[in-house]
Amino acid sequence: MASPSDPTSDAGAPRPAGTEPQGASAAETLGALANAGWQIALTAGVAAIALGVVVLVWPKETLQVIGVFFGIYLLLVGAFQLAAAFGAHVPAHLRALHFLAGAVSVLLGLICFRGTLQSILLLALWIGFGWLLRGIMVTATAVSAPAMPARGWMVFSGIIGMLAGMVLIVAPFASIAALTLVTGIMAIVLGVVEVFHAIRMRVEVGRLLPGTAPKRRPLFHHTPHPQH
């Protein structure tokens, strides 16, 4: 007679319904997450490749669309800054600055809708001044902090940022066209890498999850003789 503490006493007893082992549910959850992960990566990779192809095939039209979105962005930023200028949380000495920045942003946004050349010029100058200021700040920070790790790399990246900003400011149209082509090429490269990564994830999911590996059939089937 098996004792109540004997672990083998109910080994052959059937499990009640709804009491599956926790390992199975965890494996199913992991499998669902892994499947969603590689599908999202594949979708993002295909979208990046499509975007890169569109940029390379229609660079002028792409710049027009980007210019429109840039104008909308400036209008939204200006509207928020104008609204913040009249907010109760803004100090009195900063309201004039918020109002001036919002008005300039709205004006630049309206200029973007006047034509493609205006929007491209403003976009190039916007990016150029942003890169220039960032390069100056990074370089100054690295020079003033001798104990900073990777100081040489920060100085190099800051100088490159300043040079790129200067080129965009001096020659905005040619620079923004070259930047568009580089963006299209980079989008295609990143998309191909993402698709390859998604395929590798799909293969790994099939190897790791239980029950997903295909079962091999034996080459020779043993059939019992009728006399046996």
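Residues numbered from 1 in each chain as written. Predicted model: local features only at pLDDT ≥ 70, side-chain atom pairs only at ≥ 80, totals over all residues. Heavy atoms only, no water.

### Digging into the overall build of the protein chain
Argument step 1. The helix and strand tally for the protein chain stands at six helices and zero strands.
Argument step 2. In sequence order, the secondary structure elements of the protein chain are arranged as α-α-α-α-α-α.
Argument step 3. The burial tally for the protein chain puts 21% of its 228 residues in the buried class.
Argument step 4. Considering only contacts within the protein chain whose residues lie at least 6 apart along the sequence, 69% involve residues at least 24 apart.
Argument step 5. For the protein chain, the accessible area works out to roughly 16300 Å², and carbon and sulfur atoms hold 73% of it. (Helix = DSSP H or I, 4+ residues; strand = E, 2+ residues; numbered from the N terminus. Buried < 20%, exposed > 50% of the residue type's maximum accessible area, 1.4 Å probe, protein only. Contact = heavy atoms within 4.5 Å. Areas by Shrake-Rupley, 256 points an atom, 1.4 Å probe, with all protein chains shown as cover.)

### Considerations on the side chain of Ser119
Argument step 1. With respect to the element layout, Ser119 can be found in helix α4 (residues 116-144).
Argument step 2. Under the relative-accessibility criterion, Ser119 is labelled buried at 2%.
Argument step 3. Setting aside its immediate chain neighbours within four residues, Ser119 contacts Gly67, Phe70 and Cys112.

### Overview of the nonpolar core
Generally speaking, soluble globular proteins have nonpolar side chains that are buried together.
Argument step 1. Counting nine residues, the largest nonpolar core is built from Leu63, Phe70, Leu74, Cys112, Ile120, Leu122, Leu123, Ala124 and Ile176.
Argument step 2. Of all the elements, α4 adds the most residues to this core, at four residues.
Argument step 3. Filtering out sequence-adjacent residues up to four positions away, Ala124 remains in contact with Leu168, Pro172 and Ile176. (Core = buried A, V, L, I, M, F, W, Y, C linked by side-chain atoms within 4.5 Å.)

### Section: the environment of Ala41
Argument step 1. Here Ala41 is to be found in helix α1 (residues 22-57).
Argument step 2. Residue classification places Ala41 among the buried residues on the basis of a relative accessible area of 7%.
Argument step 3. Sequence separation between Ala41 and Val195 is 154 residues, and the spatial gap between their C-alpha atoms is 6.7 Å.
Argument step 4. Aside from chain neighbours lying at most four places away, what touches Ala41 is Glu194 and Ala198.

### Section: the side chain of Thr180
Argument step 1. Of note, Thr180 is situated in helix α6 (residues 172-208).
Argument step 2. In contact with Thr180, not counting residues within four places along its chain, are Val55, Pro59 and Leu63.

### Points about the confidence of the model for the protein chain
Argument step 1. Looking at the protein chain, pLDDT values average 76 and 73% of them are 70 or higher.
Argument step 2. The least confident element of the protein chain, judged by mean pLDDT, is α1 at 75; the most confident is helix α5 (residues 151-170) at 87.
Argument step 3. Ignoring residues within four places in sequence, the model shows residues 7-11, a span with pLDDT below 50, making two contacts including any to other chains.
Argument step 4. Segment residues 212-216: pLDDT under 50, and three contacts once partners within four positions in sequence are set aside and those in other chains are kept. (pLDDT = per-residue confidence, 0-100.)

### Observations concerning the packing of helix α2 (residues 59-85) against α4
Argument step 1. Packing of α2 against α4 brings their axes to within 9 Å, and their N-to-C directions diverge by 70 degrees. On the basis of their axis angle, the class for α2 and α4 is roughly perpendicular. Once α2 is placed against α4, the crossing between them reads as left-handed. When α2 is examined against α4, the residues Leu63, Gln64, Ile66, Gly67, Phe70, Tyr73 and Leu74 are found in contact with a partner set consisting of Thr116, Ser119, Ile120, Leu122, Leu123 and Trp126.
Argument step 2. Class assignment of the residues belonging to the contact of α2 with α4 gives a composition of nine nonpolar, four polar and no charged. (Axes fitted to C-alpha atoms, helices over the stretch in contact; angles between N-to-C directions. Parallel < 35°, antiparallel > 145°, perpendicular 65-115°, else oblique. Left-handed = near helix turned anticlockwise from the far one by under 90°. Nonpolar A, V, L, I, M, F, W, Y, C, P; charged D, E, K, R; others polar.)

### Concerning the packing of aromatic side chains
Argument step 1. Taken as a whole and assessed by the stated rule, the structure comprises four aromatic pairs.
Argument step 2. Seen in terms of ring centroids, Trp153 and Phe156 are 5.8 Å apart; in terms of plane orientation they differ by 35 degrees. Their pairing is tilted. Linking Trp153 with Phe156, this pair stays in helix α5, spanning three residues, or about one helical turn.
Argument step 3. The class for Trp153 is exposed, based on a relative accessible area of 60%.
Argument step 4. On the basis of relative accessible area, Phe156 is assigned to the partly exposed category, the value being 47%.
Argument step 5. A connected cluster of aromatic rings, assembled from ring pairs, spans Phe70, Tyr73 and Trp126. (Phe/Tyr/Trp six-rings, centres within 6.5 Å; stacked < 30°, edge-to-face > 60°.)

### Details of α2
Argument step 1. Counted at 1.5 Å a residue, the expected span for α2 with its 27 residues is 39 Å, and the 38 Å between its end C-alpha atoms agrees.
Argument step 2. Within α2, the full set of buried residues consists of Thr62, Leu63, Gly67, Phe70, Gly71, Leu74, Gly78, Ala84 and Ala85. (Expected span 1.5 Å × (residues − 1).)

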